[in-house]
Amino acid sequence: MEALYQARRKRLLPTWRSILYVPANSPKFIAKAPTVGADALTIDLEDAVPPQEKDRAREMLGETLAHVATGSADIIVRINRPLSLAVRDVEAAVSVHVKGLTIPKVDGPSHVRLLDELVSECEHRKGLTLGHTSFLVAIETPEAVECMREIASASPRVVAMMLSSEDLSLECGFEPSEETLLQPKQQMIFAACAAGVRPLGFLGSIAQFKDIEVFREMVRRSRRFGFTGSSCIHPLQVAVLNEEFAPSKEEIALAERIVSEGDKAIAEGRGTFQVDGSMIDGPVIERARRTLARRR
Ligand code: COA
Ligand code: MG
């Protein structure tokens, strides 16, 4: 049963390299969003929208979604955490255009299950297929860090997990930096992989967008740690994420050689061989296959 559950979820996992946040109360950003080339857009009802704008942003959500859906990006909506706002946000967001909801400040698996129940009711009421709406869960509190694996496994709706540098460091009283956040972020990657969901994000700060080559280096380093894509806040970051979270030409060429040499070796009854002086065996061939699967 658990295996079936895992297999079903894996098949549905999205391959988002770049997910651009778009403040839900900003007509200027909303107008531009479908043109920037992001794999997904997160229409943000939470941190990017000040309290006095929350209702207006939610009231205009239908129109916003209809506009952003004119592009090819998948649409995600980030809801608020306070329950009264969360319920209204979910009711407004669940719709044919919306592939996923980002759940901020998740504090445990029951939090995810409660929202799952609410989303199921909304899907039923709106005539959508049950399970239409995925969840991206955001780890932002020390309580959540303590149960990331359970959170990621709390519902088959969960497809991705991320850890918010600013929120977590605020809650825990440390300064946000690559050094202080490395341990929880790596732990998050293990939890996401163990639950069969995508680990999203990067090692550095989302807020730095002006020095784009510094940003690129940081994203490249992050990919080596196992992140598969990330949210971002500015159009300049989108192209970098799309490039760096896709395999390079060189990686594809090498992977193709490894796979074809691997097929030959296996046909000849050999489990190991060499390519350019490096030993190749099962996991290396499997890594090469996954690289080829990620090419677009
Ligand atoms: N979505 C869509 N368009 C965006 C955008 C976004 N997130 N951020 C910037 N743009 C647009 C601008 O409107 C501008 O468009 P134009 O050339 O047609 O005028 C262009 O990209 C260049 O923007 P720029 O002038 O460099 O930046 P800015 O001062 O307009 O905005 C920020 C900078 C940081 C305020 C803005 O990027 C932003 O608010 N991002 C989202 C932040 C967010 O959602 N935070 C919460 C989650 S962490
Ligand atoms: Mg936040």
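Above: the structure in question.
Right, let's walk through the structure included here. (Residues numbered from 1 in each chain as written. Chains lettered and ligands numbered in written order. Predicted model: local features only at pLDDT ≥ 70, side-chain atom pairs only at ≥ 80, totals over all residues. Heavy atoms only, no water.)

## A word on the sheet that holds strand β7 (residues 198–199)
Ordered in space as β7-β6-β5-β4-β3-β2-β1-β8, the eight strands form an open sheet in which the pairing is parallel. Each having just a single partner strand, β7 and β8 (230–232) make up the two edges of the open sheet. With four bridges joining them, strand β3 (residues 74–78) and strand β4 (residues 98–103) adopt parallel strand pairing. Within the sheet, the bridge partner assigned to valine 77 lies in β4 and is leucine 101. (Pairing = 2+ DSSP bridges. Helix = DSSP H or I, 4+ residues; strand = E, 2+ residues; numbered from the N terminus.)

## Remarks on helix α10 (residues 178–195)
An ideal rise of 1.5 Å per residue puts 26 Å on 18 residues; α10 measures up with 25 Å between its terminal C-alpha atoms. Along α10, the helix axis deviates most sharply at proline 184, where the bend reaches about 25°. Considered for burial, the residues of α10 that qualify are Leu181, Pro184, Lys185, Met188, Ile189, Ala191, Ala192 and Ala195. Looking one or two residues beyond α10, the residue adopting positive phi is glycine 196, at roughly 75°. (Expected span 1.5 Å × (residues − 1). Bend = angle between axes of the 7 residues up to and from the residue. Buried < 20%, exposed > 50% of the residue type's maximum accessible area, 1.4 Å probe, protein only.)

## Section: the coordination of the magnesium ion (ligand 2)
Geometry sets the ideal angles at a metal, namely 109.5 degrees for four tetrahedral donors and 90 or 180 degrees for six octahedral donors. Note on the magnesium ion (ligand 2): its protein donors are Asp47 (OD) and Asp167 (OD). The metal-donor distances range over 1.8 to 2.3 Å. Of this pair, aspartate 47 sits in the loop between β2 (40–44) and α3 (54–59) while aspartate 167 is found in helix α9 (residues 165–172), placing the two residues 120 residues apart along the sequence. With relative accessibility at 15%, the residue aspartate 167 sits in the buried group. (Donors = N, O, S within 2.8 Å, 3.2 Å for Na, K, Ca; no water.)

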